[in-house]
Amino acid sequence: MKYVRYQFRETVTYGVLEGKTIREISGGLFGSRGETGVTTDLQHVKLLCPCEPVKVLAIGLNYRSHLGNRTAPEKPAIFNVPTSALLEPEGKIRIPPDAEDTHYEGELVAVIGKTTRGATPAEAKDSIFGFTCGNDISERNWQKNDLQWWRAKGCDTFAPLGPCIVTDFAWQQYGIKTRLNGQVVQEGRFSELLFDPPAIISHISQYITLRPGDVVYTGTPGNTGALKPGDTVEVDIEGIGTLCNTVSG
Ligand code: MG
């Protein structure tokens, strides 16, 4: 199933996406959801971030192709991103005027479906509702020089998310591409993840209780590059779809 969250006229709701048609659901994603019988054409709605997380977590250094000459971490290298950084599909990325080296990072994102605390990897696998695409926008100078990553990865609009959540997604079989102005600039397979989604979520859940709707960005493959005003960046995951954002001028 593909789930979307969208605005149609004044109403924000969730729906099931099939082809170009959205079938509205009631009860939210995690409650007793049911279809209302109302359908809407995809082209008439504004897609929003596909869930409403209370927590956004992310992992760094999770592909060998992204390590360069750094050694692989022994434990998942987790950090927090404020929810105020979330950006909907087609939303504009705003780079602060004093940022000088702001990079894209295309990533697979896991959406938590149940309260998860102290989970084993097997339990963590079962706690995943589905997967979507994310872009972990990162200002490299601040990432290197600030004590914390609060602004390097947390500025408003630095966490694009969407366009839909896919359930029953066998990530091991799929891959990701990031395109900058139409050119492929990153490519990876999820079988190459150093810590897979259950391992990451299990680790996080030893310290932090995850709740339905929370999201975990699972790291970026290969090399990243800088964004500039006017750029279009697309994160394309086979079996999910394309998250497209432009950089505001
Ligand atoms: Mg990242």
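Refer to the structure above for everything that follows.
First, a word on scope: everything that follows refers to the structure included in this document. (Residues numbered from 1 in each chain as written. Predicted model: local features only at pLDDT ≥ 70, side-chain atom pairs only at ≥ 80, totals over all residues. Heavy atoms only, no water.)

**A look at the layout of surface pockets**
- Approximately 430 Å³ is the volume found for the largest pocket.
- Lining the largest pocket are 26 residues, with Leu61, His66, Arg70, Arg140 and Gln143 sitting closest to its centre.
- Among the elements of the structure, strand S6 (56-60), helix H1 (64-67), strand S7 (77-81) and helix H3 (140-145) are those that each provide at least two residues to the lining of the largest pocket.
- Of the residues belonging to the lining of the largest pocket, the class tally is seven nonpolar, 12 polar and seven charged.
- Volume-wise, the second largest pocket comes out at about 220 Å³.
- Taken together, 17 residues form the lining of the second largest pocket, with Leu47, Pro89, Glu90, Pro163 and Thr242 sitting closest to its centre.
- Of all the secondary structure elements, the ones that give two or more residues to the lining of the second largest pocket are strand S1 (2-8), strand S5 (46-48), strand S14 (159-166) and strand S19 (241-247).
- Residue contributions to the lining of the second largest pocket peak at four residues, all from S19.
- Of the residues belonging to the lining of the second largest pocket, the class tally is 10 nonpolar, three polar and four charged. (1 Å grid on protein atoms, 1.4 Å probe; cavity = no way out; pocket = protein on both sides within 12 Å on 5 of 7 lines; lining within 4 Å. Points joined across faces, edges and corners; volume = space filled by probe spheres on them. Helix = DSSP H or I, 4+ residues; strand = E, 2+ residues; numbered from the N terminus. Nonpolar A, V, L, I, M, F, W, Y, C, P; charged D, E, K, R; others polar.)

**Looking at the environment of Pro76**
- Assignment of secondary structure puts Pro76 in the loop between H1 and S7.
- Note on Pro76: relative accessible area 11%, which makes it buried.
- Separated by 101 residues in sequence, Pro76 and Lys177 place their C-alpha atoms 23 Å apart.
- With residues near it in sequence (within four places) discarded, Pro76 still touches Ile59, Phe195 and His203. (Buried < 20%, exposed > 50% of the residue type's maximum accessible area, 1.4 Å probe, protein only. Contact = heavy atoms within 4.5 Å.)

Geometric values such as these leave the question of function open.
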